[in-house]
Amino acid sequence: MSAPHAPAAADGPLRIMTWNVWWRFGDWRARREAILAVLAEHRPDVVGLQEVWATRGPGAENLAHWLAERLGMHAAWSPSPRPHRWQRRLSPHDPDAGAVDFGNAVLSRHPLLEQRVLPLPAADREDEGRTALQVLVDAPRRPLPFTTTHLNSSPAESAVRTAQVRELVPFVAAGARRGEHYPPVLTGDFNALASSDEMRLARGYETPGPVEGFVLVDSWLFAEPGDPGLTWDRRNPWVARVHQPSARIDHVLVGLAPFSGEGSVRDVRLVATEPVGGVWASDHAAVLVDLEP
């Protein structure tokens, strides 16, 4: 087991990550080790994970708890109320296929003070059991409201994602107390381009957002100029086989920082963009963001 993380330095950044870890597809045992290696290398303070699996019954395992134990972190887990769509996609030879849950998780170096879950609407499409998981992180200087989510995936479902964002943003705003907390952070696999209606709505500064006066900043605006930030990249063979274009669909959105700059974006980059020991950890790259403490 890896040693627990050392406490964050008082003047060090607050490191945030979002990562879709591709459920139980492919050689998930080898990928689990690769995921662990990436997290151990980059040492995020708080991680939002999507497509997290957990088995039921004798010998039950939960990927989030497995990772947290080895990294010395705290974990929150939120299963989807409708995992059947995902279970059907597992190999019929997988003996656990009918007893594997699917959901979102948060790993945190710091204790978790609160946990809430929001079911997201399906609009007029099949209910995929999408949710958002929100925690309040007991960060060193002040609490951090942190939410992670995973929206509907079909390229044709922008309208569904827009309906989901209309409920998601008030959920994020309700968990933020200006002056008492860090600005809120919303992470996840939105399955949407930054230029899409749903992401413009989520940010609230290019079009009116669901909560008047509430704005979330796209952290990738602080990346190196010209870097497309492709989290869904055809260089990854698991992406290439889907025959869709590369895209930036995983996002870290951050609330407006106070004049002091606490919680503002210091740096942002992609990680998990190459195989680990010959193994692609996921079909998604992860977004890593350093916030001012």
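Up top is the structure.
**What to know about helix 2 (residues 63-71)**
So, point 1. Within the span of helix 2, buried status applies to L63, A64, W66, L67, A68 and L71.
So, point 2. Buried residues along helix 2 sit against helix 1 (28-42), strand 2 (46-55), strand 3 (74-79) and strand 4 (100-108).
So, point 3. Measuring from the side-chain oxygen of the N-cap residue of helix 2 to the backbone nitrogen of A64 gives 2.8 Å; that N-cap residue is N62.
So, point 4. Backbone geometry just downstream of helix 2 places G72 in the positive-phi region, at approximately 70 degrees.

**What to know about the packing of helix 1 against helix 2**
So, point 1. With their axes 11 Å apart at the nearest point, helix 1 and helix 2 run at an angle of 45 degrees to one another. One way to sum up the angle between helix 1 and helix 2 is to call them oblique. Judged by the twist between their axes, the crossing of helix 1 over helix 2 is right-handed. Listed contacts from helix 2 to R32, E33, I35, L36, L39 and A40 of helix 1 are L63, W66, L67, R70 and L71.

**Some remarks on unusual backbone geometry**
Peptide bonds are mostly trans, and most non-glycine residues show a negative phi.
So, point 1. Non-glycine residue W22 carries a positive phi angle of around 60 degrees.
So, point 2. Structurally, W22 can be placed in the loop between strand 1 (14-20) and helix 1.
So, point 3. Its identity as a non-glycine residue notwithstanding, N191 has a phi of 50 degrees, on the positive side.
So, point 4. Inspection of the secondary structure assignment puts N191 in the loop between strand 8 (185-189) and helix 5 (197-203).

**What to know about the sheet that holds strand 6 (residues 131-137)**
So, point 1. In spatial order, the strands read 5-6-7-8-10-9; together these six strands make up an open sheet with mixed pairing. The sheet is open, and its two borders are formed by strand 5 (112-119) and strand 9 (216-218), each paired with just one other strand. Looking at each pair of strands side by side, their axes are set apart by 20 degrees on average, direction ignored.
So, point 2. Two strands pair when backbone bridges link them, and strand 8 and strand 10 (residues 250-255) are joined in this way by five bridges, in the antiparallel orientation. Counterpart to G188 in the pairing with strand 10 is H251.
So, point 3. Lying over the sheet, helix 4 (residues 158-174) contacts strand 5, strand 6, strand 7 (144-150) and strand 8, oriented at roughly 160 degrees with respect to strand 5.

**Observations regarding the pattern of salt bridges**
So, point 1. According to the stated counting rule, one finds 17 salt bridges in the structure shown.
So, point 2. For the salt bridge of R200 with D197, the shortest nitrogen-to-oxygen distance reads 3.7 Å. Taken as a pair, R200 and D197 lie in helix 5 at a separation of three residues, close to a single helical turn.
So, point 3. Residue R200 is classed as partly exposed on the basis of its relative accessible area of 26%.
So, point 4. Salt-bridge contacts for R266 lead to E292; the nearest nitrogen and oxygen are separated by 2.9 Å. With R266 in strand 11 (residues 265-271) and E292 in the segment after strand 12 (286-291), this pair connects stretches of sequence that are 26 residues apart.
So, point 5. The class for E292 is partly exposed, based on a relative accessible area of 25%.
So, point 6. Residues participating in the shared-partner salt-bridge network are D124, R125 and E157.

**Examining the nonpolar core**
So, point 1. The biggest cluster of nonpolar side chains holds 36 residues, and the ones touching the most others in it are W19, L39, L49, L67 and L107.
So, point 2. Of all elements in the fold, only strand 1, helix 1, strand 2, helix 2, strand 4 and strand 12 reach the threshold of two or more residues within this core.
So, point 3. L39 has contacts with M17, W19, P44, V47, L67, L71 and L107, leaving out every residue within four places of it along the chain.
So, point 4. Formed by 23 residues, the second largest nonpolar core is a distinct cluster that contains V46, A139, F146 and W220.

Analysis parameters
- Residues numbered from 1 in each chain as written.
- Predicted model: local features only at pLDDT ≥ 70, side-chain atom pairs only at ≥ 80, totals over all residues.
- Heavy atoms only, no water.
- Buried < 20%, exposed > 50% of the residue type's maximum accessible area, 1.4 Å probe, protein only.
- Helix = DSSP H or I, 4+ residues; strand = E, 2+ residues; numbered from the N terminus.
- Contact = heavy atoms within 4.5 Å.
- Polar contact = N/O pair within 3.5 Å; in protein donor to acceptor, adjacent residues only side chain to side chain.
- Axes fitted to C-alpha atoms, helices over the stretch in contact; angles between N-to-C directions.
- Parallel < 35°, antiparallel > 145°, perpendicular 65-115°, else oblique.
- Left-handed = near helix turned anticlockwise from the far one by under 90°.
- Pairing = 2+ DSSP bridges.
- Salt bridge = Lys/Arg side-chain N within 4 Å of Asp/Glu carboxyl O.
- Core = buried A, V, L, I, M, F, W, Y, C linked by side-chain atoms within 4.5 Å.

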